[in-house]
Amino acid sequence: MEDFKGKILVVDDEFDILSLLEGLFKRKGFFVKTAENAEKALMHLKAEDYDVVIADLIMPGKNGIDLLCEIKSLYPRTGVIVLTGHGTIESAVEAIKKGAFNYIKKPINPEYLFLLTDKIIELRRLEAHNIYLQNQLRQRYSFSQIIGKSHQMNNIFQLIQDVAQTQSTVLIRGESGTGKELIANAIHFNSLRKNNKLIRVNCAVLSENLLETELFGHVRGAFTGAYRDRMGRFEMANKGTIFLDEIGDVSLNVQVKLLRVLQESEFERVGGSKTLKVDARIIAATNKNLEHAIKKGEFREDLYYRLNVIPIEVPPLRERVEDIPLLARHFAEKHNEETVKNVKGLTQDALSVLMNYDWPGNVRELENVIERAVVLTKNEYIDHSDLQPLNGLSSPDSSLNLLDHKSLPEVMNNIEKQMIINTLKQCNWNKSIASRKLGIHRTTLLSKISKYEINI
Ligand SMILES: Nc1ncnc2c1ncn2[C@@H]1O[C@H](COP(=O)(O)OP(=O)(O)OP(=O)(O)O)[C@@H](O)[C@H]1O
Ligand SMILES: [Mg+2]
């Protein structure tokens, strides 16, 4: 196939024209098929990807314009040249409006026809090359679905590649929503363990006792309700990777046991006496300041050193502003596909609003904002007016808006509400973590959420 200069389909009810064009194009080294009506042409098109269709405008049955419309909707990348008979220039103009590449008058001037077909083929080649380049660019700016082109993200991509193949323990640190879990996944799926399991444990959501049995399993009768032996996450991760998410939230008691697994690769199930050996690579992540926690006596220093063999520091989004347009376009495209809308991108204004915002919820927040904009926008390009939620939420001048309120209690309430929303966002809407961060009791937080009618 590649030996042909291009593929041409000629459609005309006049036999003379078909054989004339077939001969002309074949001699020039093209692959040519002919059809005496639109129906037959469509059958050929189903079977083969043609570069150019040359179609007569007036044919019995389906005419050239209808055929053109069908080709444009089914095979938009195929170029169509229409043939017009006796000066039916109006219909030729109509054909161009409907997407024909050009028209040519009978009697046919072969040189002009060759010129047009060469042009179409060249355009198609450029288009294909363009798509290829775009894909390459996308790949260059992403690594295992992690998007970014800032030097910080490039360093992280390099680090992932360097450490993936080793057995070293990795500690990923960064604010909420910066992509720590994505990085953990990338390390596992680029490692020699990729065909074995990646087991994730969210250490923040389980109480101390539950976390312990979750990690190490238990034996029958270990506690009320333990009717049978149960395997823990470490055993499940054998030969694979265990991802200890939110490691900063583990209690001191469980920290001791984790330290032992890290040092000796062994542990016992809760209530059991048999020592089990495990071969699991450990990746941990946290958005907590562990050094601070060590000073306060909340985190063991020895465990910290065992975990912190390869530290990966993920910078907050506001420190890598050049990634914002790339991520925004990526999320717009993703949610556009999901919602079957016709959003083509973002306006420059919208991008500059995004680049000037400080993103306390980082990439997760950006994705939410873009998803909402894609769903709600009436435009082809997301504009700054579609980014309403950004106004007034921890933007640099939002504190000024607060003063618009009249009384002191009103101003205080407003500050409180914003602080709660921001903290909840930073904590991925986890109320327990947010209440701890805010220094208030969980029930107090719940009552304030309902008082301020915060939607979660
Ligand atoms: N660089 C990135 N490219 C593409 N998507 C990203 C990137 N960073 C984060 N995301 C997306 O943002 C969301 C949050 O990422 P992730 O869960 O990995 O963050 P995290 O750091 O683990 O947050 P948390 O501390 O709240 O658990 C996910 O949906 C993720 O797919
Ligand atoms: Mg996470």
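Numbering of residues starts from 1 in each chain and follows the order in which that chain's sequence is written. Going through the entries in the order they are written, you letter the chains from A and number the ligands from 1. Local features in this predicted model are restricted to residues whose pLDDT is 70 or higher, and side-chain atom pairs enter the listing and the counts only when it is 80 or higher, whereas totals over whole chains, interfaces and linings include all residues. Here the side-chain values reflect all heavy atoms present in the structure, with hydrogen atoms and water set aside.

Enquirer: A description of the nonpolar core should follow, citing residues and the corresponding values.
Expert: We define the nonpolar core as a collection of buried residues of types Ala, Val, Leu, Ile, Met, Phe, Trp, Tyr and Cys that are connected through side-chain atoms lying within 4.5 Å of one another. Think of it in three bands: residues with accessible area under 20% of the maximum for their type are buried, residues over 50% are exposed, and the middle band is partly exposed, with areas taken using a 1.4 Å probe on protein chains only. Residues Leu 215, Phe 234, Ile 242, Leu 244, Ile 247, Leu 258 and Phe 299 are the most contacted members of the largest nonpolar core, which totals 31 residues. Elements supplying a minimum of two residues to this core: β9 (198-202), α8 (208-216), β12 (241-245), α10 (252-264), β15 (281-286), α11 (290-295) and α12 (301-307). Helix and strand assignments follow DSSP, with helices taken as H or I runs no shorter than four residues and strands as E runs no shorter than two, numbered in order from the N terminus. With five residues, α10 is the single largest residue contributor to this core. Contacts are assigned to residue pairs with any non-hydrogen atoms lying within 4.5 Å of each other. In this structure Phe 299 touches Ile 247, Gly 248, Leu 252, Gln 255, Leu 290, Ala 293, Ile 294, Tyr 304 and Leu 307, once residues within four positions along its chain are discounted. If you look at the next biggest cluster of nonpolar residues, it comprises 23 residues, including Ile 147, Leu 327, Tyr 357 and Ala 373.

Enquirer: Talk me through the domain arrangement of the chain; I want residue IDs and the actual numbers.
Expert: Marked domain ranges trace back to an automatic or database domain assignment. What the domain assignment reports for the chain is domain 1 (7-137), domain 2 (143-315), domain 3 (318-390) and domain 4 (398-451). Computed from C-alpha coordinates alone, the two centres of domain 1 and domain 2 are separated by 61 Å.

Enquirer: Mind laying out the site of ligand 1, listing which residues take part and the relevant values?
Expert: With respect to spatial proximity, 18 residues lie near ligand 1, and among them Ile 147, Ser 176, Gly 177, Lys 180 and Arg 364 are the closest. Throughout this description, a polar contact denotes any pair of N or O atoms lying within 3.5 Å of each other; where both atoms belong to protein, one of them has to be capable of donating a hydrogen while the other can accept it, and for residues adjacent in sequence the pair is counted only when both atoms sit in side chains. Side-chain polar atom of Lys 180 to an oxygen atom of ligand 1: 2.6 Å apart, as the coordinates give it. Within the backbone of Leu 182, a nitrogen or oxygen atom sits 3.2 Å from an oxygen atom of ligand 1. Areas reported here follow the Shrake-Rupley algorithm with a probe of radius 1.4 Å; residue values treat only the protein chains shown as occluding. Protein burial of ligand 1: of its 630 Å² of free accessible surface, 87% is covered by the chains. Ten residue types, Ala, Val, Leu, Ile, Met, Phe, Trp, Tyr, Cys and Pro, are classed as nonpolar, four, Asp, Glu, Lys and Arg, as charged, and the remainder, Gly among them, as polar. Taken together, the residues of the shell around ligand 1 sort by class into six nonpolar, six polar and six charged. Of the residues that make up the shell around ligand 1, three or more belong to each of domain 2 (143-315) and domain 3 (318-390). Whether a residue is near a molecule or strand is decided by its heavy atoms; if any one of them lies within 4 Å of it, the residue is near.

Enquirer: Describe a nonpolar patch on the surface, with residues and values.
Expert: A contiguous nonpolar surface patch, about 300 Å² in accessible area, is contributed by Leu 408, Met 412 and Ile 415. In this structure, Leu 408 sits in helix α17 (residues 408-426). According to the relative accessible area criterion, Leu 408 is exposed, its value standing at 61%. Here, patches come from residues exposed beyond 30% relative accessible area and free of salt bridges, joined within 9 Å for like charges and within 5 Å for nonpolar side chains (Val, Leu, Ile, Met, Phe, Trp, Tyr). Within this document, salt bridges are pairs made up of a side-chain nitrogen of Lys or Arg and a carboxyl oxygen of Asp or Glu, the two lying within 4 Å of each other.

Enquirer: Hey, could you go over the packing of α17 against helix α19 (residues 442-451) for me, with residue numbers and the actual values?
Expert: Structural elements are reduced to axes, namely lines fitted to C-alpha atoms, with helices fitted over the stretch in contact, and the angle between N-to-C directions of any two is expressed from 0 to 180 degrees. Two numbers describe how α17 lies on α19: the axes approach to 11 Å, and their chain directions differ by 115 degrees. Compared by their axis directions, α17 and α19 come out roughly perpendicular. Both α17 and α19 take part in a crossing whose hand is left-handed. Contacts between α17 and α19 involve Asn 413, Glu 416, Ile 420 and Leu 424 from the former and Leu 445, Lys 448, Ile 449 and Lys 451 from the latter. For the contact of α17 with α19, a count of residues per class yields four nonpolar, one polar and three charged. With respect to orientation, any angle under 35 degrees is reported as roughly parallel, any angle over 145 as roughly antiparallel, any angle of 65 to 115 as roughly perpendicular, and every other angle as oblique. Crossing chirality is assigned from the near helix's rotation relative to the far helix, an anticlockwise turn below a right angle marking it left-handed and a clockwise turn marking it right-handed.

Enquirer: I'd love a proper account of the pairing of strand β4 (residues 79-84), names of residues and values included.
Expert: For β4, the tally of buried residues reaches six of six residues, placing the bulk of the element in the interior. Burial of the side chains of β4 extends over both faces: Gly 79, Ile 81 and Leu 83 are buried on one face and Val 80, Val 82 and Thr 84 on the other. Here, strands pair whenever DSSP counts at least two bridges between them. Across five bridges, strand β3 (residues 52-56) lies against β4 in parallel orientation. Looking at the pairing, Ala 55 lines up with Val 82 of β4. Between the parallel pair β3 and β4, the chain is carried across by helix α3 (residues 64-74), and the sense of this crossover is right-handed. Bridge analysis of β4 against strand β5 (residues 102-105) gives four bridges, and the strand direction is parallel. Looking down the strands as they point away from you, a crossover is right-handed if its path from the first strand over the helix to the second goes clockwise.

Enquirer: Give me the environment of Val 369: which residues, what numbers.
Expert: One can find Val 369 in helix α15 (residues 362-376). Residue Val 369 is classed as buried on the basis of its relative accessible area, which comes to 3%. Sequence-wise, Val 369 and Phe 331 are 38 residues apart; in three dimensions their C-alpha atoms are separated by 9.5 Å.

Enquirer: Quick rundown of the side chain of Arg 281? Include the residues and the values.
Expert: Along the chain, Arg 281 falls in strand β15. Under the counting rule used here, the positive set is Lys and Arg, the negative set is Asp and Glu, and His together with the chain ends is not counted. No salt bridge is formed by the buried Arg 281, whose closest oppositely charged neighbour, Asp 279, lies at an N-O distance of 9.5 Å. At 3.1 Å, the side chain of Arg 281 forms a polar contact with the backbone oxygen of Ala 164.

Enquirer: Could you give an account of the pairing of β12, naming the residues involved and the relevant values?
Expert: Of all five residues that make up β12, five are buried, and the element is covered over most of its length. Along β12, one buried face is formed by Thr 241, Phe 243 and Asp 245 and the opposite face, lined by Ile 242 and Leu 244, is buried too.

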